[in-house]
Structures are given as structure tokens and as C-alpha cells.
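Remarks on the overall topology
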Amino acid sequence: MITKTGVFSLDRVRKQIHYEYIERLGLTGKNRTVCVLDTGISPHYDFDRRIIKFIDFTEHPLHHIHDDSGHGTHVCGILAGSGRASQGLYKGIAPEAGLVVLKILDKKGNGHIDTLIEALQWLNIHAGKYGICVVNISISISQSSSLSTDEEKKRRLMGVLKKLYDQNILIVTAAGNGGPHNDSLSVLGEQPYTLCVGCHDGNYKSRKGDLCEHYSGRGSNDGRIVKPDIVAPGTEIVSCQGKSRYGY
């Protein structure tokens, strides 16, 4: 079912990011591969045959393509859904891009730093094989996580991120939802090797009357590193549904 809210949301987003410009340039993601680290991906109709590789890194891995949460499928749809099931209405931003999906979060959206590092290590080895040029990590790691006290773990994470960066791979991470106070970024977002994306929807408010800049993570005000690097729409975005092959 396609609702008026969904149509408005998509139209708003496309206008805000000037999508018509990249469409005119023919930048569809064709012959490019994006790796998504999340809760997995479901075989939605909009992904066609563009799911190139799937690996489950969680504690109880399954070998078939799946997403027991739906978050990863939603992210992949925004990124690379073709919109076929909606006659193009809910087409993603790079609708011809290939997808490599590494499942690092469980059905509740929880995971471990060690799992993230393991997936990034795999990526460092295999990125060239699959032609990966962008890595998307739309997850949040709080400032109170084990990274805040475990210097060895922090060093390992920084190391694998830097190796990807040195391969000219763009690492895109979320600012997180811990704002609006200073020093409320997700730990991944504050790293120098990542492009950190915060949320801003212009004057658009959610159906609850919220503005996303009231919760989107923010960096430090001490001038060390200015973060987030960029902002983009993030409220009530319609995308592929994890539990339905044709739903949104």
C-alpha cells in the first residue's frame, strides 16, 4: 500500500538533495559496488539480482540471505533499491549499484565491537575482488561502549578503518541519535577516516512534531574535528520492507 505520507516524504527528500541533477548526469551506481554493514538484507524485489555477496558475522550465523530486523533492508533500499515494486516511486539514490551485505547486528539491532572489526577485516581483504568503493555503516556506537576504556580495541578499529581509507574507499557512518548535546556523536562518526552524516530535514517535522536535529548526534565544540561532515534528510523515509518481498 502506498500512502500519501510516503509520496510526500520521497518527493521532499529528492528536492532537498537536488536528485534531478545527479539523474541528469546519469549517476545511477551502475558498475559500482557498495558494502552495507547492518542487520542483513531481505531478497526484496527492488534489489533485482544485485546482491553480490552476503555474509552473516553474528553469533548464530545463517548462510542464506536474510534480515531478521528489517533495518538493513530499509537502508539498502534507500541506497540502491530499483523501485520496481512501486513503479519507480520508491527508487533508491543509486538504483543500479551492486550490494555486498555483511550482517553484524541481530534482530534487535544489537551487536559487538569485535564483530564489527571482524567484518571490516574481511572487507579489507576482499574489497578489491568485489569492486567495493563505498562502505555504509548506519549503526550507532555510544560513548559509553567498551571502546571508551579499551585502548587496544580502539586501536584495532582505527587500524581497519585506515586500511579501507588508504584503498580510496569512502566509509559513510551515522552521527547517531544521541543529540542534540555536544560530544553526542556515535564513536564511528567521530573517526577521521569516516564521512559522518547527521540528520536535517529542513523545516519538515515528523508526524509527532519532532525535528531530527533535536536528536541527531553532534560533535565537540573544542575545534578538534568538525563533525558531522554533512547532513541529509532522515525522517519518515519510505524504503524496502524486510518482511515483504514487494512491500515498503
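Calculation notes
- Residues numbered from 1 in each chain as written.
- Predicted model: local features only at pLDDT ≥ 70, side-chain atom pairs only at ≥ 80, totals over all residues.
- Heavy atoms only, no water.
- Core = buried A, V, L, I, M, F, W, Y, C linked by side-chain atoms within 4.5 Å.
- Buried < 20%, exposed > 50% of the residue type's maximum accessible area, 1.4 Å probe, protein only.
- Helix = DSSP H or I, 4+ residues; strand = E, 2+ residues; numbered from the N terminus.
- Contact = heavy atoms within 4.5 Å.
- Expected span 1.5 Å × (residues − 1).
- Arc of directions from axis to C-beta.
- Phe/Tyr/Trp six-rings, centres within 6.5 Å; stacked < 30°, edge-to-face > 60°.
- Lys NZ or Arg CZ within 6 Å of the ring centre and 35° of its normal.
- Disulfide = S-S within 2.5 Å.
- Pairing = 2+ DSSP bridges.
- Axes fitted to C-alpha atoms, helices over the stretch in contact; angles between N-to-C directions.
- Salt bridge = Lys/Arg side-chain N within 4 Å of Asp/Glu carboxyl O.

**Quick notes on the nonpolar core**
If you look at the biggest cluster of nonpolar residues, it comprises 31 residues, and the most contacted ones within it are Leu37, Leu102, Leu120 and Leu123. Elements with a contribution of two residues or more to this core: strand S1 (33–38), strand S3 (98–103), helix H4 (113–130), strand S4 (132–137) and helix H5 (151–166). Top contributing element to this core by residue count: H4, with 9 residues. Those residues in contact with Leu123, other than ones at most four positions away along the chain, are Cys35, Leu37, Ile132, Val135 and Leu164. Formed by 15 residues, the second largest nonpolar core is a distinct cluster that contains Val34, Val36, Phe47 and Ala97.

**Thoughts on H5**
Relative to the 22 Å expected for 16 residues at 1.5 Å per residue, H5 spans 22 Å between its end C-alpha atoms, a close match to the ideal helical length. Among the residues of H5, those classed as buried are Lys153, Leu157, Val160, Leu161 and Leu164. Angular distribution of buried residues about the axis of H5 spans 95°; they occupy a single face of the element. Summarising the geometry of H5, the exposed residues directed more than 90 degrees from the buried face are Glu151, Arg155 and Lys163.

**What about the packing of aromatic side chains?**
Scanning the model with the defined rule gives 4 aromatic pairs in all. Geometrically, the ring pair formed by Tyr45 and Tyr246 is tilted, given 5.1 Å between the ring centres and 45° between the ring planes. Pair noted here: Tyr45 is in the loop between S1 and strand S2 (51–56) and Tyr246 is in the segment after strand S7 (230–232), with a separation of 201 residues, a long-range link. Ring geometry for Tyr165 and Tyr193: centres 5.3 Å apart, planes at 55°, overall tilted. Pair noted here: Tyr165 is in helix H5 and Tyr193 is in the loop between strand S5 (170–174) and strand S6 (195–199), with a separation of 28 residues, a long-range link. A relative accessible area of 43% places Tyr165 in the partly exposed class. The cationic tip of Arg84 hangs over the ring face of Tyr45; the distance from NZ or CZ to the ring centre is 3.9 Å.

**Some remarks on the state of the cysteines**
For the structure shown, the criterion picks out 1 disulfide. Disulfide pairing is shown between Cys199 and Cys212; the S-S distance is 2.2 Å. Judged by the sign of its S-S torsion, about -100°, the cystine formed by Cys199 and Cys212 is left-handed. Note that Cys199 is positioned in strand S6 and Cys212 in the loop between S6 and S7, a separation of 13 residues in sequence. Cys212 shares its class with Cys199; the two are buried.

**Focus on the sheet that holds S3**
Read from one edge to the other, the open sheet built from 7 strands follows the order S2-S3-S1-S4-S5-S6-S7, with strand pairing classed as parallel. The strands lining the two open edges of the sheet, one partner per strand, are S2 and S7. Pairs of neighbouring strands in the sheet enclose a mean axial angle of 20°, with direction left out of account. Across 4 bridges, the pairing between S1 and S4 is parallel. Following the sheet pairing, Thr33 is matched in S4 by Ile132.

**Structural notes on the pattern of salt bridges**
Taken as a whole and assessed by the stated rule, the structure comprises 11 salt bridges. Where Arg155 meets Glu152, a salt bridge forms, and the shortest distance between an N and an O atom there is 2.7 Å. In this pair, Arg155 and Glu152 both sit in helix H5, 3 residues apart, roughly one turn of the helix. On the basis of relative accessible area, Glu152 is assigned to the partly exposed category, the value being 41%. Through salt bridges with shared partners, one network takes in Asp48, Arg50 and Arg84.

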